Every structure is written in C-alpha cells, then in structure tokens.
Amino acid sequence: MILILLGDLFWLAVFTLSVYTVFRILKHSSLSDAVDSMKKKRRVRIAFYVICIYFLIGFVDQLKIPGTGTTTEFSPIDFFFQTYIEKERTYSAPWAKRVTGISEENLHEEINLVKGLHLLGTDVNGYDVFYTIFKGAGTALILSFGTSIIAFPLGVALGILAGFFGGWVDDLIQWLYTTVASIPWLLFVIAFLMVFGRELYWICLAFGLTSWVGIARLVRGETLKIKQLDYILAAKATGIPVLRILYKHLLPNVTYLIIINFTLFSSNVILAESVLTFIGIGVQPGTASWGVMLVEAQQELTRSPAIWWIFAGGSFVGILPLVLSLNLFGDALRDALDPRLRGQN
Amino acid sequence: MLLRVKDLSVEFKTSAGNARAVDGVSFNIEEGKTHVLVGESGCGKSVTSLAVIGLLPGNASLQGGQIEFKGKDLTKLSRTEYREYRGSEMGMIFQEPMTALNPVVRVGHQIEEAIRQHRHKSPLKNEDPFKRSVELIDQMGIKEPEKSYYKYPHELSGGMRQRIMIAIALACRPSLLIADEPTTALDVTTQEQILSLMKELQNDLGTAILLITHNLGVVANNADSMSVMYAGQVVEEGPVSEIFQNPCHPYTEALFRAIPSLTSVPGSALHTIPGSVPPAVEFDRMPSPCRFFERCEYQDERCFKKSSVPGHNSYCRRET
C-alpha cells in the first residue's frame, strides 16, 4: 500500500518537475527568440500539444489507486474505462452494434448503445481499443523517461569529461563508447532481457545502457568547442575549481543538446520497443503496449473478415502521432536552438 | 615590489617544433601602479600574462624564470595553492566581453560566484555576497544595479559587459589586476569610459594593474611604466613618460612613427613596419644579431655590439 502511494508521489513529482522545466525553458530570456520562432509555426505548435496530451495520459496512467480486498490497484484510466465503458465479450468493430462472436450461441450479441460506444472497437477480450492505446501511452512514457534517466546522465557526464580533460580520459571514454557502439544492439538487448527478465525497468536499463553513446558523442563535441571560450578561462582565473566549472559553466551550455535529443531519443525508444515486441522479446505478456497491439494484429488481420481496428489503433492512433510529433518537434527544436546559440552576440 | 618577473620563458610544444613564445622576459610592478606590455600581435604579451596568473594552456610549459608575487615564487606553487591566488589576490579581465561571460548565467550570479569562492579569506568573511555584488555593479557605474543583477549577458551592451567583467575580477579586492586588451573590442568612447573607471577603481582599491595592449594611445594615459615586446623578448622598458619622449629602440621608434597624426599631410602614406612578426616557432632560429634585424631600418655593424641608455633600458645593440 505504502509502496503504491510512494510510487504515486514519485510520478507526481516527475510530472511537476517536467512541467516546471518546460515553463522555465519557455520563459528563459536567452531562448526567447528561439521559442518565438517555434511558436509561429503551426506544425510545431500542434506537435507540441500532441506530445503534451500523450505524456499527460501516460502520467495519469501511472497514478495507481490502491485497491480494496479483492481488486488490485488501478489507475484513473482503468477506473474510467471500467465504469463508463462497457467491457464486451469479444471483438467488435468500431461503432458496431453487435459483438463478433466466437461461439455459436452468442454470435451476435447486442451492444449497449451508450456505454457500448467503442470508437475504435474492442479487442479479443472485449476491452475498448482506446483503453489499450491509453495504457500503451503509459508504457511509452515509462520507457521514454526511464531510458532517458539512465542514458542521459551517463552520456552527458562521460561526454563532458572526455571533451574537457582530453588525454587519457578522452581515450578511455572513447574506447568505452566505441566498444559499446560496436556490439550489435539487438543481440545485446535480447541477451540482457533473457538474463534479467522482461519487466519494463529491465527494458529501460537495456536501452539506456546502449543508447548513451549518441548523446555522449554530441556532448563531447560541444564541450571541445566550449572549453576554448574565454568564460571558461575567466572562471579558472577567478579560482573556481574544475569540477564546479564543469557543473556550473559547461553543463548549462550543453543543456540545449539534452533538450533536443530527449525528444528524438524518446521517439526511437518507442519504436524500438515495438520492434522488440514484434520479435517476441519485448514487454511481458501482461503489459499493454502499442507494440503488443501490432503483434497481435498480425494474426487478426488474416481472419476473414479482417479485424483491422486494433492494428489501426495501435499504429495510427498510438505510435504514429506521437513518434511523428516527437520528430517534428525535435527537428524544430534543433533548428531553433542550434544556429541561434552559435550566432548569438 | 608587488610583482617581480625575472627571465620568464614559456615554451609551446607544437607539431612544427618547440616554440619559445616568451624568452627571458623581466619586469616589475609596484603596488598601486600600472605597468603595460606593448607590442604587435604574436609578440608574447598575452602568454606572459597567462603565465603570471598560472593559466597557461596544456601544451605550454615554463622553461625558466621566476614570478615573485608578494615575496612568494608562484612558479613553485602546486595547483591548489595557485588557485587560492586567482580571483582573490590576482584578477584577470579579457578582451572579448561577450565570450568572457557565461551566456546562460545571470551576470549578478557570475560576480557572486567569485565572492563565494573566496569567502573563507579574511577581507570577505562577513560580507553578504548578494549585497556586495549589487554594490560592485553600482560601483561600476551601471544604472539600476539591483535589476541588472538578474540580467543575462546578452541583455547588456559591450561596455556594460566589460564593466561586469571588471566587477568579477575586482570582487575580492585583489592586489593585482591583469587586463588583457580590455578595450580593444570596444568603441572609442566606451574605451575611454572603461579606462577611466579602471583608474578610479585603482585609486580607490590600490590595485596594481598589468595592462596589455597594442594601442599606444591607451598606454599614454593609463600606465606608469611600460615594456615594449617583440618576438617574445622585451626590447625596451622604462617609465612611460621617458620612453614617449625618447624612444631608443628602432622598434619602439617605428611604433610611434606608425601612429597617424592630426598634423600629417593629407594624402601622404602611413608609416608601416615592413614584414610581419614571424611565428613563434621560429623565434630562436632567427640568425640575425637581434630578432628585429630583418625588419629594422638601421641594420648596420653597430648591431653586433651591446649598449643601453640611461633612464630606461633599450636592448638594441647599436651604440647610441
């Protein structure tokens, strides 16, 4: 019980922190022209709202309310769907009036017209497809944040150390990340998950430990540029110790890279999870994810009549909008922040 | 004597060989006075100043000489000990105010950082860093100091940024301020404001200044003594007034001649010094009697003998 409440608090804290960070970024005076140039483009605004909606749903799904004696804990999304949307017996097409039967006797059961309005139909167990999509958003959120919290601190720290100190430190870190990058990613992840298990946190760890390389390279390059600048020399001339310089002067100047890469990174993670699940080594069977929807769609699409709505939901309402928005937004961020910061005078 | 630099030499390891960018440079600075290092680009003035504050880049090494500051030889200090001097006893300001301030940190914070770093030292023990930063901003002549504290560097003009840099350097009331071409990037009127601000602060705080510039106009009004540098060596040194009245070394003469004057005939050619400063790698490979020989207008057999002029030192080998 306490664990559940702690978990809720944790996710609430993460949520508040994220919202606060976004607001700080939006209001930061040195970014104001970048923000303005992005606000003007409608495509970027829409992408931003889409990302916000998906992440919001994901966050809501993480808040677990402890169950009573017979029920397990549930989230507000579970609650909404259990109370207001009827669980059917089995498949039904979007907006259908009847359930698609498997056994003869209940072949054409009627659907309650109000509670039974399923915008994208239901899956094999009768759950509304939107329910799975929302739960999938929750999984996507955990993966995105979980992998980032492992990959980014590791990649940024090593990148800064390698770039700033050079010499053997740089050689060592470069050796490290070149080695990690040369391991076939898929094989590593499969092996990792087979050893440790397929829970979401293991997946985050597996992804995180392999994908920190990209951000490390970028941060190392930027550090090489920044350490030549006068303000680093000025900080040294003021007697500030090196580690403090790295933390207070260098790190804030590579933060824009973190912001840009977080969005692009998240989109890769979501797609990677689908790939893994498709192969069969992804999330555990009980967990809802968009990848799972796609995998099950394989067989469902071969039925006659084809059951297309789960595939459509998983891909066109689940994966596509979020990944597309993350990419669009990330590109817009990169355009806005990169040249701006360099040409700023 | 606050600072005594004796026979300082700095060598850089480069792919083209070792470059002795500073070769046997000596000068002294008394407390509260201003000494200036003058010379063309590439003559080693900036490297000398970096050597004094102990921030030579990784591929540079001291190859001899002493830097005696308040009686202690700085060349013998460990990194931690040296760090205690920087910021508190010695401050440094740089040429380009935009790149010398961190663009994502508020200017007030940058000043405060300097204070907090050396707070444990006695003159600063009981000061509130925030109040002192605002005080400093005010002393620098920036209006609305409390508001300006929260500004970012890009919200300030070049002159204001330079003032902030001076504030950071002087925050802990150092005895020596090293100013590496502080006004080169500013327009003339701002130059004048910054230099008079520095003089005022020097009077108030008793700070000695090691000024580096290539602008003789700046030297005239702001320095007590000067060293003219060429190719890593000091070619002439002495009180500013004396050298201005009576420049002895051909290089110094040529520098003065190169200054355009209000009285010159319109349309006449400007005086230049033919050739250019060779790269530092070639300094000690120069075969001639002195490093300036190839560009010197005199070049005669007197070059091969030593001499010096009373009043100030000139290292030209001709007899006068």
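Values in this document were obtained by computation on a predicted structure and should not be read as measured data.

Conventions adopted
Along each chain, residues carry numbers from 1 onward, in the same order as the chain's sequence is written. Each chain is given a letter, starting from A, and each ligand a number, starting from 1, according to the order in which they appear as written. In keeping with the predicted nature of the model, local features appear solely for residues at pLDDT of at least 70, side-chain atom pairs appear and are counted solely at 80 or more, and the whole-chain, interface and lining totals rest on all residues. Values reported for side chains reflect all heavy atoms of the structure, with hydrogen atoms and water molecules removed beforehand. Cavities and pockets are defined on a 1 Å grid built over the protein atoms alone: a cavity is a set of grid points where a 1.4 Å probe fits but cannot escape, while a pocket is an open set with protein on both sides within 12 Å along at least five of seven lines, and lining residues are those with an atom within 4 Å of any such point. Grid points are joined across faces, edges and corners, and a volume is the space filled by probe spheres set on the points. In this description a helix means any DSSP run of H or I spanning at least four residues, a strand means any run of E spanning at least two, and both kinds are numbered starting from the N terminus. A fitted line through C-alpha atoms represents every axis, and for helices the fit uses only the stretch in contact; the resulting angles, taken between N-to-C directions, go from 0 to 180 degrees. Roughly parallel means an angle under 35 degrees; roughly antiparallel means over 145; roughly perpendicular covers 65 to 115; every other angle is labelled oblique. Note on convention: near helix rotated counterclockwise from far helix by under a right angle means a left-handed crossing. Clockwise means right-handed. The contact rule is simple, with two residues in contact once any of their heavy atoms fall within 4.5 Å. Basically, the charged four are Asp, Glu, Lys and Arg, the nonpolar ten are Ala, Val, Leu, Ile, Met, Phe, Trp, Tyr, Cys and Pro, and anything else, Gly included, counts as polar. We call a residue buried when its accessible area falls under 20% of the maximum for its residue type, exposed when it is over 50%, and partly exposed in between, using a 1.4 Å probe and counting protein chains only. Pairing of aromatic rings covers Phe, Tyr and Trp, the last through its six-membered ring, and needs centres within 6.5 Å; plane angles under 30 degrees mean stacked, over 60 mean edge-to-face, and all others mean tilted. The arc in question is formed by the directions pointing from the helix axis toward the C-beta atoms. Computed with a 1.4 Å rolling probe, the buried area is the accessible surface lost when two parts are put together, summed over both parts. A carboxyl oxygen of Asp or Glu within 4 Å of a side-chain nitrogen of Lys or Arg is what we treat as a salt bridge. Here a polar contact is recorded for every N or O atom pair within 3.5 Å, except that within protein the pair must consist of a potential hydrogen donor and a potential acceptor, and residues adjacent in sequence are included only if both atoms are side-chain atoms. Domains are outlined according to an automatic or database domain assignment. Residue count minus one, scaled by 1.5 Å, sets the expected span of a helix.

Some words on empty space enclosed by the protein
Thinking step 1. A full pass over the atoms with the stated rule returns six cavities of 30 Å³ or more.
Thinking step 2. Estimated volume of the largest cavity: approximately 160 Å³.
Thinking step 3. Around the largest cavity sit 18 residues that line it, and A:A234, A:A235, A:T238, B:A100 and B:I168 are the ones nearest its centre.
Thinking step 4. Broken down by secondary-structure element, the contributors of at least two residues to the lining of the largest cavity are α9 (230-237) of chain A together with β7 (90-93), α4 (107-117) and α7 (158-170) of chain B.

Focus on the packing of α4(B) against helix α5 (residues 129-139) of chain B
All names here are of chain B.
Thinking step 1. Where α4 contacts α5, the axes come no closer than 9 Å and their chain directions differ by 120°. Between α4 and α5, the interaxial angle falls into the category oblique. In this structure, α4 crosses over α5, and the sense of that crossing is right-handed. Across from G108, I111, E112, I115 and R116 in α4, the residues of α5 making contact are P129, F130, R132, S133, L136 and I137.
Thinking step 2. A breakdown of the residues in the contact of α4 with α5 according to their chemical character gives six nonpolar, two polar and three charged.

Focus on the side chain of A:D170
Residue and element names in this part refer to chain A.
Thinking step 1. Relative to the assigned elements, D170 resides in helix α6 (residues 167-182).
Thinking step 2. For D170, a relative accessible area of 9% corresponds to the buried category.
Thinking step 3. In contact with D170, not counting residues within four places along its chain, are A162 and R220.

A short note on the packing of aromatic side chains
Residues and elements named next belong to chain A.
Thinking step 1. Using the criterion set out here, one finds 32 aromatic pairs over all chains in the structure.
Thinking step 2. Relative to Y49, the ring of F48 has its centre 6.2 Å away and its plane inclined at 55°; by these criteria the two rings are tilted.
Thinking step 3. An aromatic cluster of at least three residues, connected via ring pairs, comprises F10, W11, F15, F55, F59, F145, F152, F262 and F265.

Quick look at helix α2 (residues 32-40) of chain A
Thinking step 1. Taken residue by residue, α2(A) has A:A34, A:V35, A:S37 and A:M38 as its buried positions. When α2(A) is viewed along its axis, its buried side chains cluster within an angular range of 165° and face the same direction.

What about the interface of chain A and chain B?
Thinking step 1. The interface of chain A with chain B comprises 20 residues on the first partner and 27 residues on the second.
Thinking step 2. Looking at the side of chain A facing chain B, the largest losses of area belong to A:D230, A:A237 and A:T238, adding up to 24% of the total buried there.
Thinking step 3. Summed over the shared surface of chain A and chain B, the number is one salt bridge.
Thinking step 4. The interface formed by chain A and chain B holds nine residue pairs in polar contact (both at pLDDT 80 or more) in total.
Thinking step 5. Of all the secondary-structure elements, those providing two or more residues to the side of chain A that touches chain B are α9 and α10 (242-279) of chain A.
Thinking step 6. Looking at the side of chain A that touches chain B element by element, the count peaks at six residues for α9(A).
Thinking step 7. In terms of residue class, the side of chain A that touches chain B is made up of eight nonpolar, eight polar and four charged.

Things to note about the domain arrangement of chain B
Residues and elements named next belong to chain B.
Thinking step 1. Under the domain assignment used here, chain B contains domain 1 (3-229) and domain 2 (245-262 + 269-315).
Thinking step 2. Centre-to-centre, using C-alpha coordinates, domain 1 lies 29 Å away from domain 2.
Thinking step 3. Across the contact, 15 residues belong to domain 1 and 13 residues belong to domain 2.
Thinking step 4. With both chains or domains summed, domain 1 and domain 2 bury close to 1,100 Å², and 61% of this area falls on carbon and sulfur atoms.
Thinking step 5. When the buried area of domain 1 at its contact with domain 2 is split by residue, E40, L216 and V228 rank highest and sum to 42% of it.
Thinking step 6. In this assembly, domain 1 and domain 2 are joined by zero salt bridges.

Structural notes on the environment of A:F316
Thinking step 1. Inspection of the secondary structure puts A:F316 in helix α12 (residues 309-343).
Thinking step 2. Ignoring sequence-local partners within four residues, the contact set of A:F316 consists of A:F311 and A:P321.

Notes on helix α3 (residues 42-62) of chain A
Thinking step 1. Between its first and last C-alpha, α3(A) extends 30 Å over 21 residues, near the 30 Å set by a 1.5 Å rise per residue.
Thinking step 2. If you check which residues of α3(A) are buried, you get A:V44, A:A47, A:V50, A:I51, A:Y54, A:F55, A:I57, A:G58, A:F59, A:D61 and A:Q62.

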